There are 2 protein chains.
Amino acid sequence: MADRPSLHVLGLGLIGGSLLRAAAATHDVSGWSPSADTRDAAAADGFRVVADPETLLEEADAADGLVVLAAPVTAFGDLLRRVDAVAPEVRLTDVGSVKAAVEDQVEALAPTARFIGSHPMAGTQHSGWAAGSADLFTGAAWVTTLTEESDLDTWMYVADLALGLQCRVVPTEAPAHDSAVALVSHLPHLLALALAQVGADGGPLALSLAAGSFGDGTRVAATRPELIRAMCETNKKALVPAVDAFLGVLGVGRGSLASTGSLVKLTEAGHAGRMQFEQRGGGLELLTLSGDDLIEQLLSVGASGGHVTAVRREGDDGPEVDAYYPAYDDD
Amino acid sequence: MADRPSLHVLGLGLIGGSLLRAAAATHDVSGWSPSADTRDAAAADGFRVVADPETLLEEADAADGLVVLAAPVTAFGDLLRRVDAVAPEVRLTDVGSVKAAVEDQVEALAPTARFIGSHPMAGTQHSGWAAGSADLFTGAAWVTTLTEESDLDTWMYVADLALGLQCRVVPTEAPAHDSAVALVSHLPHLLALALAQVGADGGPLALSLAAGSFGDGTRVAATRPELIRAMCETNKKALVPAVDAFLGVLGVGRGSLASTGSLVKLTEAGHAGRMQFEQRGGGLELLTLSGDDLIEQLLSVGASGGHVTAVRREGDDGPEVDAYYPAYDDD
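Residues numbered from 1 in each chain as written. Chains lettered and ligands numbered in written order. Predicted model: local features only at pLDDT ≥ 70, side-chain atom pairs only at ≥ 80, totals over all residues. Heavy atoms only, no water.

**Description of the packing of helix H7 (residues 174-201) of chain A against helix H10 (residues 225-233) of chain A**
Residue and element names in this part refer to chain A.
Right, on to step 1. The interhelical angle for the contact between H7 and H10, taken along N-to-C directions, is 135°, at an axis separation of 10 Å. For the element pair H7 / H10, the angle class is oblique. For the element pair H7 and H10, the recorded crossing hand is left-handed. Of the residues in H10, those touching H7 at His-186, His-189, Leu-190 and Leu-193 are Ile-228, Met-231 and Cys-232.
Right, on to step 2. In the contact of H7 with H10, the residues fall into five nonpolar, two polar and no charged. (Axes fitted to C-alpha atoms, helices over the stretch in contact; angles between N-to-C directions. Helix = DSSP H or I, 4+ residues; strand = E, 2+ residues; numbered from the N terminus. Parallel < 35°, antiparallel > 145°, perpendicular 65-115°, else oblique. Left-handed = near helix turned anticlockwise from the far one by under 90°. Contact = heavy atoms within 4.5 Å. Nonpolar A, V, L, I, M, F, W, Y, C, P; charged D, E, K, R; others polar.)

Structure (structure tokens):
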């Protein structure tokens, strides 16, 4: 613990509360919530809680610790202004599910903070301090966003934290993250919702004949609508093009079926896509990265489907990173 | 068994072969396949096999038994011509996955056959005699298609067969069946294929971040492409409007997201649709149906999401049917 930074969490809902619990085993942790009830509950569970964000930021600054924005994204503006006023160069991350907009906000409101974006891809249908758990993050992907200008040392703090929580650390640029989750998470939610609506519009006979494919295809439509909205509406900029890409592919399939009667292209390409998904992560090999272009190498790891498994801030060769990276054939 | 009709199965692949095995416990069964190897395999397993369709049809006619077309739909034309030549008024059903086109074909090629369409909604990824099993149909929906002009007595033969195989018997008109399965089975397959293609097009980062919603939404894209094509392309007439209905709903959601930033309508309607699916079959009550308009009553059972649980060809009040039917409130 001695060489690990202290962790200071702003917001103690499902994610922030789980983070406080999970990191307590390896880090000095403290937290703050705007809700007195939540502060009392966290304190009653044995956690160090401070009364206001300023205190938390001052302590983080003094300890060179890592501040985590774990509030709803709508509260980020206010909190970032306080960061800039109290601890303008503090190490800072957030846990929001969209990343480019947060990066822009940090650039505008707390431009000198040493910021790395995070998106731990874990969650449940529940919310609030009581819903949190120390193992929420185990096995999840923890996306970290950075640019060539990012503070590599703070990235290492964040990666070390996520690795300690048993996450796969995926480095990427913020817009690439937003496009990727639009395609593989937000779009599937919209498709499930639209399919559920169309199926129900088909009437009782249709629903009585529905089985596996309809059940699988609509499963996430059971998620609370406000949670889906919070996720999808904030990623509108990346989600609209994802929907358009889907509409294009389905539209071509529809046109082919209506005109020639054939679905050969859609069935072949879709099957191949599913096989790629099932085989992802295969053929990766473990490499050690270091050097002046380490950030560039990290971004390449994420872009190629790899992930980071260890970080050493002071390796033999300066900062070092172990990462799974796709193996390429020689030929 | 004495009062049950003999069963004569033309085609001994997955469905026909399973039917032969499953019905052997309660019916006199015999079968035919165009493949000598398949005929030999079925005979070696102890089943009565005939050498040609004509023999099978003559025997069925003499016994007033039920002939089942269990060949690929592409072979129906040839077999129906033989029915018309050898046993023009035989009791006849089929097990194809689309129903209006088969009904039209029967009307054109074997117009005096006492025909009831069937679609047992069971199957596996495998095919051929060896893949069949006696419990393939257990718990499945067995759709029966009929019109006001259909032979009710033959419908009762078919329903009795399906009930003996532990199926839910769903009576409906052929076009309604085709539209329903287009919505709840064929459309979900096309969506899974298009989503898998779009996700894979997103590259390795997208696939590495894909989790539950993408996995569920693309699961059936793993089905062999030729099986999806066989299912979907033959139901083109009903599937194109189903795709269009889906494109309309998703397009409206896309437009709302792009213009107002809100997904409130899509999330609410989709969630409500999924809840309807999860609660289907609730609120049904068991009724006994009989009378001159029994076919009309049966069609109403299917259209309202109900199903048949028992048939009595000679009840106290003529033919009688027990069916689950939606209970309506008095107010």
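After that view, the rundown keeps rolling.
**Thoughts on helix H10 (residues 225-233) of chain B**
Right, on to step 1. Turning to H10(B), its buried residues number three or more, namely Pro225(B), Ile228(B), Met231(B) and Cys232(B). Projected down its long axis, H10(B) shows its buried positions confined to an angular sector of 130°, all on one face.
Right, on to step 2. Looking at the buried side of H10(B), the elements it contacts are helix H11 (236-259) and helix H12 (264-279) of chain A together with helix H7 (174-201) and helix H11 (236-259) of chain B. (Buried < 20%, exposed > 50% of the residue type's maximum accessible area, 1.4 Å probe, protein only. Arc of directions from axis to C-beta.)

**Some details on the side chain of His177(A)**
Right, on to step 1. With respect to the helices, strands and loops of the structure, His177(A) is situated in helix H7.
Right, on to step 2. Only 2.7 Å separates the side chain of His177(A) from the side chain of His119(A), close enough to count as a polar contact.
Right, on to step 3. With residues up to four places along the chain from it excluded, the contact list for His177(A) reads Ser97(A), Val98(A), Lys99(A), His119(A), Val143(A), Thr145(A), Thr172(A) and Leu205(B). (Polar contact = N/O pair within 3.5 Å; in protein donor to acceptor, adjacent residues only side chain to side chain.)

**What to know about the interface of chain A and chain B**
A common way to report how large an interface is uses the accessible area buried once the components associate.
Right, on to step 1. Across the contact, 84 residues belong to chain A and 84 residues belong to chain B.
Right, on to step 2. Surface buried jointly by chain A and chain B totals about 7600 Å² across both partners, of which 73% is contributed by carbon and sulfur atoms.
Right, on to step 3. Across the contact surface, chain A and chain B share four salt bridges.
Right, on to step 4. A salt bridge links Arg219(A) to Asp216(B); the nearest nitrogen and oxygen atoms lie 3.2 Å apart.
Right, on to step 5. Where chain A meets chain B, there are 20 residue pairs in polar contact (both at pLDDT 80 or more).
Right, on to step 6. Ranked by residues supplied to the side of chain A that touches chain B, first place goes to H7(A) with 19 residues. (Buried area = accessible area lost by both parts, 1.4 Å probe. Salt bridge = Lys/Arg side-chain N within 4 Å of Asp/Glu carboxyl O.)

**A short note on the relation of the copies chain A and chain B**
Right, on to step 1. Between the two copies, chain A and chain B, the superposition gives an RMSD of 0.0 Å; the rotation angle is 180° and the shift along the axis is 0.0 Å. These values place the two chain copies in the arrangement generated by a two-fold rotation axis.
Right, on to step 2. By residue overlap, the copies meet face to face through one surface: 100% of the interface positions of chain A are interface positions in chain B. (Least-squares fit on C-alpha atoms with pLDDT ≥ 70 in both.)

**Structural notes on helix H5 (residues 100-109) of chain B**
All names here are of chain B.
Right, on to step 1. Burial in H5 covers these residues: Ala-100, Val-102 and Val-106. Buried residues of H5, seen end-on, are gathered within an arc of 165° and therefore sit on one face of the element. In this structure, H5 carries Asp-104, Glu-107 and Ala-108 as exposed residues pointing more than 90 degrees from its buried face.
Right, on to step 2. Residues of H5 that are buried sit in contact with helix H4 (76-86), strand S4 (91-94), strand S5 (114-120) and H7.

**With respect to the packing of H7(A) against H11(B)**
Right, on to step 1. H11(B) packs onto H7(A) with a crossing angle of 125° between their chain directions and a minimal axis gap of 9 Å. By the angle between their axes, H7(A) is oblique relative to H11(B). When the axes of H7(A) and H11(B) are compared, the crossing they make is right-handed. Contacts between H7(A) and H11(B) involve Leu190(A), Leu191(A), Ala194(A), Leu195(A), Gln197(A) and Val198(A) from the first element and Ala245(B), Phe246(B), Val249(B) and Leu250(B) from the second.
Right, on to step 2. Of the residues assigned to the contact of H7(A) with H11(B), the class counts are nine nonpolar, one polar and no charged.

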